[in-house]
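Spelled out, the chains give:
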Amino acid sequence: MADGRIVYGFHAVISRLRQHAAGVQEIYLDASRNDARAQDLTKLAGGHAVRIIAVDAQRLDGLTGHARHQGVAARVAAIPLKHDLDDVLENISGPALLLVLDGVQDPHNLGACLRVADAFGVHAVIAPKDRAVGITPVVSKVASGAAETVPYIAVTNLARTLRQIKDLGIWIVGADEAGATDLYDAKLAGPMAWVLGAEGEGMRRLTREHCDELVRIPMSGSVESLNVSVASGVCLGETFRQRRTGAPQTRP
């Protein structure tokens, strides 16, 4: 079963068992753990006929690259999520909601973005293949299962993909501190794609030029900016609020 990839941490392993147990090949559990959390995991795995292998901490360190694994890791097969934007959009109900990440390279930020995307009903996360972290074990752990539920679409040419999104009638909104529109004045109820840039750099010029609208997050504190995962949560949270309350959609 060497073809599987490793996920680790109780949240990531349990989420994978609950959402796609057939893809969990085997679980490695620290032999010294016999607490309630380990017992619950053992019971859940047994209910899905997934083998648990008792190992020592050194084996877990080797499997996870000395990450903070909490005493558990699992070898899993890739979930066949829909990785084609057309397929994703054909199978949704209601207005499309996409999250486009321009060059996010920090795995903790990407994992948190996926978790936020899952919480607020994003249909897919889109990112370039180059200058981006992609789905790694760290991303999966931080995402707490969202890496297995939210389609992550890696594209060769982000600018071209944004043009395709626009051709589908989806409004492209970039989060930018120089945006002309305040987030809480923006109209976010229709089909749309949020675009956020990388940590410290923001969106690239070409990415910004493909946005239909630039929106700023109003801030009253002393910090100059938010990291991309926090900004994603703020923007998607306001989008969710507007859609839930049936806010009218009027755009230029």
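Each residue is numbered by its place in its chain's sequence as written, counting from 1. Residue-level local features of this predicted model are given only where pLDDT is at least 70; pairs of side-chain atoms are given and counted only at 80 or more, and the full residue set underlies all totals for whole chains, interfaces and linings. Heavy atoms throughout the structure, all of them, feed into the side-chain values; hydrogens and water do not.

1. Re the environment of E148
Next, step 1: Runs of E in the DSSP output that reach at least two residues are strands. Runs of H or I that reach at least four are helices, and both are numbered from the N terminus. Note on placement: E148 falls in the loop between helix 6 (137-143) and strand 7 (152-155).
Next, step 2: Throughout this description, buried means an accessible area under 20% of the type-specific maximum (1.4 Å probe, protein chains only), exposed means over 50%, and partly exposed covers the range between. Under the relative-accessibility criterion, E148 is labelled buried at 7%.
Next, step 3: Through-space distance from the C-alpha of E148 to that of A45 is 18 Å; in sequence the pair is 103 residues apart.

2. Concerning the sheet that holds strand 1 (residues 5-8)
Next, step 1: By this definition, two strands are paired if DSSP reports at least two bridges between them. If you trace the 4 strands from one edge of the open sheet to the other, you get 1-4-2-3, paired in mixed fashion. Bordering the open sheet on either side are strand 1 and strand 3 (52-55), each of which pairs with just one other strand. For this sheet the average axis-to-axis angle between neighbouring strands, irrespective of direction, equals 25 degrees.
Next, step 2: Looking at chain direction, strand 2 (residues 24-30) and strand 3 are connected through 4 bridges and run parallel. Along strand 3, the bridge assignment pairs D30 with V55.
Next, step 3: Helix-sheet contacts for helix 1 (residues 10-20) involve strand 1, strand 2 and strand 4 (72-76), and the interaxial angle to strand 2 is about 150 degrees.
Next, step 4: Note on definitions: a residue-residue contact is assigned when non-hydrogen atoms from the two residues lie within 4.5 Å. To get an axis, fit a line to the C-alpha atoms, keeping to the stretch in contact for a helix; angles then go from 0 to 180 degrees between the N-to-C directions. Sheet strands in contact with helix 2 (residues 36-47) are strand 2, strand 3 and strand 4, and its direction is about 160 degrees off that of strand 2.

3. Here we look at the sheet that holds strand 7
Next, step 1: What the 7 strands build is an open sheet, ordered 7-6-5-10-8-11-9; its pairing is parallel. Since the sheet does not close on itself, it has two edges, and those belong to strand 7 and strand 9 (181-182), each with one partner.
Next, step 2: In this sheet, strand 11 (residues 213-216) lies alongside strand 9 in parallel orientation, the contact comprising 2 bridges. Paired with T181 across the strands is V215, a residue of strand 11.
Next, step 3: Sheet strands touched by helix 5 (residues 107-119): strand 5 (97-102), strand 6 (124-128) and strand 7. Its angle to strand 5, the strand with the most contacts, is close to 170 degrees.
Next, step 4: Each of strand 5, strand 6, strand 7, strand 8 (171-175) and strand 10 (192-197) touches helix 7 (residues 158-167); the most contacted strand, strand 5, lies at about 160 degrees to it.

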